[in-house]
Amino acid sequence: EPPKLTLRAFFKDFLNDARIRLSPGSIVRYQRSFKALMYDLGDFLPVANLTNQALNQWAASLLDKGRSPDGVNLDLRHIRAALRRGEDLGVIMIAPKVDMVKVPRRLPRHLSEEQVNLILAAEPNDNHRRLWTFLVWTGLRRREAHSLRWEDVTLGDRPSMLVIGKGDRERVVPILAPALEVMGPPKASGPVFDCGSLDNLTAHFKMTAKKAGLPNTRLHDLRHTCLTWLVGKGVPLKLVQDIAGHSTITTTMNYAKIFTGNAHEVLNNALGF
């Protein structure tokens, strides 16, 4: 009976339904979010008791523990999607409202060429150094680069790669000369980069960035750096959107806000300076 449906039973049913609709990476992300929810609220909490107020209190407790607003919202989005799917399937009568945590709007953080060189110089591991360089010159997400295989790479005069991004959406990304160089000798099959697990990859980058004197730098900032450089060099926003795999051009436009362009010239001429 729906009133007696527990979080544990609901999530088990959700996973059985999701395995034919979602990618393995998305499944892992849902598992993490629900694991955190059930750890705090209990495996056997009736789904009927999972109200908007209960979710708000849970989100507040995560913030108190030091989780970032973006991290909390990531969990909330997955839980909201699962609950809405449950409502669509008739497992849940009415999915509770899920409020997102307010996040201050910030421009994408990016690195200068000098800062990138500092990180590369501080990296003792050749495989990791190759991957950092690859991310800077392709704008791929860490998971996209980590799962890239030689079978998805097309070489020749215009080398490119088939990338599977968020939402299991495919896109073709051109491979520029600096990225192609660090990929190493081409192979018939297998992963392009062999750098261990994703979590270890992120932790290792943080250590390297700290060693380079940039302790607040994140691995995802390498992607921001690439996209910022592309916009700054005048690459059309639509092309940058396609390369980045953004679902809307609004996200891509955030990178354009970083640049003042010829604003100084226009203002100086208008005001007679």
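Look a little higher up for the structure.
Summarised in this report is the structure supplied together with it. (Residues numbered from 1 in each chain as written. Predicted model: local features only at pLDDT ≥ 70, side-chain atom pairs only at ≥ 80, totals over all residues. Heavy atoms only, no water.)

On to the sheet that holds strand 3 (residues 170-174). Taken in spatial order, the three strands of this open sheet run 1-2-3, and their pairing is antiparallel. Two strands close off the open sheet at either side, each with one partner strand: strand 1 (153-154) and strand 3. One ladder, built from five bridges, connects strand 2 (residues 160-164) with strand 3; its direction is antiparallel. In the sheet register, Val163 faces strand 3, and the bridge partner there is Arg171. (Pairing = 2+ DSSP bridges. Helix = DSSP H or I, 4+ residues; strand = E, 2+ residues; numbered from the N terminus.)

For the structure on display, the rule yields 13 salt bridges. Between Arg141 and Glu144 there is a salt bridge, with the nearest N and O atoms lying 2.5 Å from each other. The class for Glu144 is buried, based on a relative accessible area of 5%. Several salt bridges converge on common partners, so that one network encompasses Asp17, Arg21 and Arg85. (Salt bridge = Lys/Arg side-chain N within 4 Å of Asp/Glu carboxyl O. Buried < 20%, exposed > 50% of the residue type's maximum accessible area, 1.4 Å probe, protein only.)

All chains considered together, the criterion is met by zero disulfides. The thiol of Cys195 is unpaired, and the distance to the nearest cysteine sulfur, on Cys226, comes to 18 Å. You can call Cys195 buried: its relative accessible area is 11%. Judged by its relative accessible area of 4%, Cys226 is buried. (Disulfide = S-S within 2.5 Å.)

For the rest of this paragraph, the subject is the environment of Met253. Note that Met253 resides in helix 12 (residues 249-256). Along the sequence, Met253 and Ala59 sit 194 residues apart, while their C-alpha atoms lie 30 Å from each other.

Once that is clear, we can look at the nonpolar core. Core analysis: the largest hydrophobic core is formed by 41 residues, its most contacted members being Trp132, Phe134 and Met161. Of all the secondary structure elements, the ones that give two or more residues to this core are helix 5 (113-122), helix 6 (126-138), strand 2, helix 8 (177-182), helix 9 (198-211), helix 10 (221-232) and helix 11 (237-244). Core analysis: the second largest hydrophobic core is formed by 28 residues, Leu7, Leu62, Ala82 and Leu83 among them. (Core = buried A, V, L, I, M, F, W, Y, C linked by side-chain atoms within 4.5 Å.)

A word on helix 4 (residues 69-88). With 20 residues, helix 4 should reach 28 Å at 1.5 Å per residue; the first-to-last C-alpha distance of 28 Å fits that figure. Those residues of helix 4 lying buried are Gly71, Val72, Asn73, Asp75, Leu76, His78, Ile79, Ala82, Leu83 and Gly86. Contacts from the buried residues of helix 4 go to helix 1 (7-18), helix 2 (24-41) and helix 3 (52-64). One or two residues past the end of helix 4 sits Gly90, with phi positive at roughly 80°. (Expected span 1.5 Å × (residues − 1). Contact = heavy atoms within 4.5 Å.)

In this sheet, strand 2 lies alongside strand 1 in antiparallel orientation, the contact comprising two bridges. Along strand 2, the bridge assignment pairs Thr154 with Ser160. Between strand 1 and strand 2, which pair antiparallel and follow one another directly, the connecting turn spans five residues, one of which, Gly156, has a positive phi of 130°. What sits between strand 2 and strand 3 in their antiparallel hairpin is a turn of five residues, with Gly167 showing a positive phi close to 70°.

The next point concerns a nonpolar patch on the surface. Judged by side-chain polarity, Leu267, Leu271 and Phe273 come together as a nonpolar surface patch covering roughly 390 Å² of accessible area. Tracing the backbone through its elements, the reader meets Leu267 in helix 13 (residues 263-271). (Patch = residues over 30% accessible without salt bridge, like charges linked within 9 Å, V, L, I, M, F, W, Y side chains within 5 Å. Areas by Shrake-Rupley, 256 points an atom, 1.4 Å probe, with all protein chains shown as cover.)

Looking now at the packing of helix 1 against helix 2. Relative orientation of the contacting elements helix 1 and helix 2 amounts to 175°, with a least axis distance of 11 Å. With respect to each other, helix 1 and helix 2 are oriented roughly antiparallel. Facing helix 1, whose interface residues are Leu7, Arg8, Phe10, Phe11, Phe14, Leu15 and Ala18, helix 2 presents Ile27, Tyr30, Gln31, Phe34, Leu37 and Met38. Residues belonging to the contact of helix 1 with helix 2 are distributed by class as follows: eleven nonpolar, one polar and one charged. (Axes fitted to C-alpha atoms, helices over the stretch in contact; angles between N-to-C directions. Parallel < 35°, antiparallel > 145°, perpendicular 65-115°, else oblique. Nonpolar A, V, L, I, M, F, W, Y, C, P; charged D, E, K, R; others polar.)

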